[in-house]
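So you can see what is in the structure, the chains are spelled out below.
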Amino acid sequence: MFEEIYSELFPFWDKISAVDRKYICDNSTIRQYEKGTNLHNGSECSGVIFVRSGSLRVYIMSEDGKDVTLYRLHKGDMCMLSASCVLQSITFEVAIDAEEDSECCIISGHAFKQVSERNPEIRIFSLETAVSRFSDVMWVMQQIMFMSLDKRLAIFLHDEALRIGSDNIQLTQEQIAKYIGSAREVVSRMLKYFANEGIVEVSRKGVRIIDRKRLLDLTI
């Protein structure tokens, strides 16, 4: 099963030896996580995480308990930042939670590191994957530091609607606040403003976009 998964996931798979491929497969597991479970708290090398179903949230936590979402992982996405022993140049710690019931494929960090030390293709792939995620992180920081809240909220709602293929976004205001790096009360006030303007409808089930053009105008 792992051989089939990794042959599609890793561009280097056919370039490494059969022994190394077997070693990675032998040190892989499939794990189920219930919504709210913490997969990685930043203090250990949890391994390389590949999402087979569900959704994960990757975030950083301040000393006073505030957190900022760096990015989210969905089906088909992979996270290298959870494998600190592989990317030793990474000096900050991230945490990862399951945002919904999820199934993940986990490759032991130490096993992945051993094989990568023998195969430069794996090291290059690991760095390229980490760099692509840093682009996501920089986009988040740019929004928090330089964009108004209404624009950040509009961008999130627009992008989320495109991702799920629906105008009905079934997320709580607390979740939305975490995703855009704000407080629930502030998001609640802004959603109320959007609703008064006829852009969205807000209910206990979430947010429904009713005027996508005006929402898109707010993102510009």
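Rules behind the numbers
- Just so you know, the residues in each chain are numbered from 1, in the order the chain's sequence is written.
- This being a predicted model, a pLDDT of at least 70 is required before a residue's local features are given, and a value of 80 or more before pairs of side-chain atoms are given or counted; all residues contribute to the totals for chains, interfaces and linings.
- For side-chain calculations, the full set of non-hydrogen atoms in the structure is used, while hydrogens and water are omitted.
- Think of it this way: DSSP has to see at least two bridges between two strands before they count as a pair.
- Secondary structure elements are taken from DSSP: a helix is a run of H or I of four residues or more, a strand is a run of E of two residues or more, and numbering for both begins at the N terminus.
- Axes here refer to lines fitted to C-alpha atoms; in helices the fit is confined to the stretch in contact. Angles between the N-to-C directions go from 0 to 180 degrees.
- Contact definition: two residues touch when any of their heavy atoms are within 4.5 Å.
- A pairing counts as a salt bridge when a side-chain nitrogen of Lys or Arg comes within 4 Å of a carboxyl oxygen of Asp or Glu.
- For every residue, the accessible area (1.4 Å probe, protein chains only) is compared with the maximum for its type, and the residue is labelled buried under 20%, exposed over 50%, or partly exposed between those bounds.
- Two aromatic rings, drawn from Phe, Tyr or Trp (for Trp, its six-membered ring), form a pair once their centres lie within 6.5 Å of each other, and the interplanar angle then sorts them: stacked below 30 degrees, edge-to-face above 60, tilted otherwise.
- Criterion for a charge above a ring: Arg CZ or Lys NZ at most 6 Å from the ring centre, at most 35 degrees from the ring normal.

Caption draft 1: Inspection of the sheet that holds strand S4 (residues 55–61) at higher detail. Spatial strand order, S2-S7-S4-S5: four strands in an open sheet with antiparallel pairing. In this open sheet, the two strands that pair with only one neighbour each are strand S2 (38–40) and strand S5 (67–74). Each strand of the sheet is rotated relative to its neighbour by a mean of 30 degrees, with strand direction disregarded. Bridging between S4 and S5 involves seven bridges; their strand directions are antiparallel. Residue Leu56 lies in a different strand from S5, and its bridge partner there is Leu73. In the packing of helix H4 (residues 120–146) onto the sheet, contacts are made with S4 and S5, and the angle to S5 comes to roughly 140 degrees.

Caption draft 2: Layout of the pattern of salt bridges. Summed over the entire model, instances satisfying the criterion amount to 15 salt bridges. The salt bridge partner of Arg208 is Glu201, with a shortest N-O separation of 3.0 Å. On the accessibility criterion, Glu201 (40% relative accessible area) is partly exposed. The network of salt bridges with shared partners includes Arg57, Asp67 and Glu99.

Caption draft 3: Here's a closer look at the packing of aromatic side chains. Throughout the structure, instances matching the rule amount to ten aromatic pairs. Judged by centre distance (5.6 Å) and plane angle (35 degrees), the ring pair of Phe156 and Tyr179 falls under tilted. Note that Phe156 is positioned in helix H5 (residues 149–164) and Tyr179 in helix H6 (residues 173–180), a separation of 23 residues in sequence. Exposure class is identical for Phe156 and Tyr179. Each is buried. Ring pairing ties together the aromatic residues Phe2, Tyr6, Phe10, Phe12, Trp13, Phe112 and Phe125, which thus form one cluster. The positively charged end of Arg57 is found above the aromatic ring belonging to Tyr59, 4.1 Å away from the centroid. Here the basic side chain of Arg72 rests over the ring of Tyr179, its NZ or CZ set 4.0 Å away from the ring centre.

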